[in-house]
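# Geometric and topological summary
Here are the chains, one letter per residue:
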Amino acid sequence: MALAGLSAVFLFEMLDNSILNVALPTIGRELSASTTVLQWVTGVYAVVFGGLMPALGALADRVGRRRTMLAGLVLLGAASLATSFVTTAGQLIAVRAVTGVAAAMTTPGSLALAFRLFDDDGLRVRATTLISTVGLVGLAVGPTAGGFVLAFAPWQALLLVNVPIAALAFAGIRRGIPADRADELHRDPVDVAGALLGTAAIVLALVAPTLFVDAGTASPLPWLTAAAAVVTAVLFVLRERSARHPLLDLRLMARPLVSSGLAFKAAAALATAGLGYLVTLQLQFDWGWTPARAAMGMLPQVVVLIAGGAVIGPLVTRLGLDKAAWCGATVVVCGLAVYGLLGRLGYVWVALALVLVAAGMRVVGVVAGTNVMRGLPADRTGIAAALVDTAGEVTTGLGIAVGGTILAALFTGDITAPHWSPHQTAQFRQAVTCAALALTTLAALLVGWGIARAHRAEEDTPPPTPATDGGDERGPGARSRRAADRPVRGR
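First, a word on scope: everything that follows refers to the structure included in this document. The structure displayed is predicted, hence computed values, not measured ones.

Moving on, we get to the overall build of the chain. Within the chain one finds 18 helices and 0 strands. Counting every position in the chain, which comprises 491 residues, the buried fraction comes to 54%. Considering only residue pairs separated by 6 or more positions, the chain has 83% of its internal contacts joining residues 24 or more positions apart. Carbon and sulfur atoms make up 68% of the accessible area of the chain, which totals about 20,700 Å².

A few words on the packing of aromatic side chains. Each aromatic ring pair is specified by the distance between its two centres and by the angle formed by the two planes. Under the criterion given, the structure shown has 6 aromatic pairs. On the numbers, 5.5 Å between centres and 40 degrees between planes, the contact of Trp289 with Tyr347 is tilted. Here Tyr347 lies in helix 16 (residues 347-374) and Trp289 lies in the loop between helix 11 (256-286) and helix 12 (291-297), a separation of 58 residues in the sequence. Since its relative accessible area comes to 14%, Trp289 is described here as buried. For Tyr347, a relative accessible area of 27% translates into the label partly exposed. Ring centres 6.4 Å apart and planes at 90 degrees place the aromatic pair Phe411 and Phe428 in the edge-to-face group. Of this pair, Phe411 sits in the loop between helix 17 (381-410) and helix 18 (422-460) while Phe428 sits in helix 18, and the two are 17 residues apart along the sequence. A relative accessible area of 7% places Phe411 in the buried class. Each residue in the set Trp287, Trp289 and Tyr347 is aromatic and connected to the rest through ring pairs, giving one cluster. Positioned over the ring face of Trp289 is Arg293, at 4.1 Å from the centre of the ring.

Throughout the structure, instances matching the rule amount to 3 salt bridges. Asp61 is paired through a salt bridge with Arg65; the nearest N and O atoms lie 3.0 Å apart. Residue classification places Arg65 among the buried residues on the basis of a relative accessible area of 3%. Taking the shortest distance from any N to any O, the salt bridge between Asp286 and Arg429 comes out at 3.0 Å. In this pair, Asp286 sits in helix 11 while Arg429 sits in helix 18, placing the two residues 143 residues apart along the sequence. A residue is classified by how much of its surface remains accessible, and Asp286, at 14% relative accessible area, is buried.

All right, on to helix 14 (residues 309-319) then. Burial in helix 14 covers these residues: Gly309, Ile312 and Val316. All buried residues of helix 14 fall inside an arc of 20 degrees around its axis, so they share one side. Facing away from the buried surface of helix 14 by more than 90 degrees, the exposed residues are Ala310, Pro314, Thr317 and Arg318. Just downstream of helix 14, Gly320 is the residue with a positive phi angle, here 90 degrees.

All right, on to the packing of helix 16 against helix 17 then. Contact geometry for helix 16 and helix 17: axes closest at 9 Å, N-to-C directions at 150 degrees. Classified by the interaxial angle, the pair formed by helix 16 and helix 17 is roughly antiparallel. Crossing of helix 16 over helix 17 shows right-handed handedness. For the pair formed by helix 16 and helix 17, the contact residues are Gly369, Val372 and Met373 on the first element and Thr381, Ala384, Ala385 and Val388 on the second.

Okay, the side chain of Thr232 next. Here Thr232 is to be found in helix 9 (residues 220-242). Residue classification places Thr232 among the buried residues on the basis of a relative accessible area of 14%. Within the structure, Thr232 has its side chain in polar contact with the backbone oxygen of Ala229 (distance 3.0 Å). Here Thr232 is in contact with Leu197, Ala200, Ala201 and Leu204, once residues within four sequence places are set aside.

Criteria and cut-off values
Residues numbered from 1 in each chain as written. Predicted model: local features only at pLDDT ≥ 70, side-chain atom pairs only at ≥ 80, totals over all residues. Heavy atoms only, no water. Helix = DSSP H or I, 4+ residues; strand = E, 2+ residues; numbered from the N terminus. Buried < 20%, exposed > 50% of the residue type's maximum accessible area, 1.4 Å probe, protein only. Contact = heavy atoms within 4.5 Å. Areas by Shrake-Rupley, 256 points an atom, 1.4 Å probe, with all protein chains shown as cover. Phe/Tyr/Trp six-rings, centres within 6.5 Å; stacked < 30°, edge-to-face > 60°. Lys NZ or Arg CZ within 6 Å of the ring centre and 35° of its normal. Salt bridge = Lys/Arg side-chain N within 4 Å of Asp/Glu carboxyl O. Arc of directions from axis to C-beta. Axes fitted to C-alpha atoms, helices over the stretch in contact; angles between N-to-C directions. Parallel < 35°, antiparallel > 145°, perpendicular 65-115°, else oblique. Left-handed = near helix turned anticlockwise from the far one by under 90°. Polar contact = N/O pair within 3.5 Å; in protein donor to acceptor, adjacent residues only side chain to side chain.

So, in structure tokens, the structure goes:
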């Protein structure tokens, strides 16, 4: 019951925006919405979701992760039902913002509660793999199912599907997961100033990439937004270093397992988003593929994301959690490098890049998150799970921003024009190569730093203790932990 409920939560996260994208043309016609308005229909969800995750994750560590998730699921069901009464684009944007709040309350908890169910790292990896596989299946079939539903039902039906998903998740979590124990929570006062600064920094960081792509590098607005994001991030760090009860204890962030896991997660998200953006444009604009054929061209990535779960358990058993994490992240960088150096020579190289990045991301998505959770005390798992998701959200936006900004800088004319001149074609291919290599460099820097931190974690690990100390060594990648830091044993 517990795993069914947690899988339903992740299914919602993966299915929600992907199935909504199919309906955007219909929504635009029925609600008379412009392209910019439609962008905010999907974008406001990601901005609210990413911006509130750290604050709500910290709150969950105080009031209870299970309680926060159940409240979020009720809010999700209510927001989805409200879609039936939407008559304007503004109302739909407001509903999507509330849905983002619900997602920020529920999604990080799926990792935190899955981690709490077991005290064995192998079982944690298997549970997280199962949960993520369910979500990725939803991501793969969502657009196709959405298109089928739109053939005979209004677009609101696509968002009403969240209601039964929320109900299933609520029932599974309420019946399958015990209430939070007092010794797993902490009662430090909430750092309101830190929460406001952190939320503002993340929101600005997520909005800036969209502005760079839409307004272009010549406009001052995206640069001002990016500068504001940097300033608020610096103020957030200063606040957290001086606060008596910080929202985010930076000393915990500096732990090798935590920092390496976040670096690997960021690199994988950066690569996946950037590669997907560039390949989609290349297949349709440069090679002239139809949208349907381009969707088929992305299938190697989808297949690996779904089927790759079968190899994660054996890989972790053979290599251990730490080595599996940095090996997966290294494969991601190799995939980006293949695309940057060889992608314009033919589809076979594009397919190989998609497969490598998807395979590496599939491993990192499970293992890096588990390492972050292992690296923090049991009463900080809410904020830990939120940090994992936030790292992915922010670098996803960064990956698209890097690709879009380099394309805007090197390509002259209208990229959507039906016919390009030979000079424009050469510009586009040069821009794609430069963007892919820039993303490769950024991802490689993150992975290199993550590997260095992972080695530091290995050096800091004490030797195995005798069985009388609790017998917490359970095979490759396991770390001995004090009883006070170990999650409660699952039922």
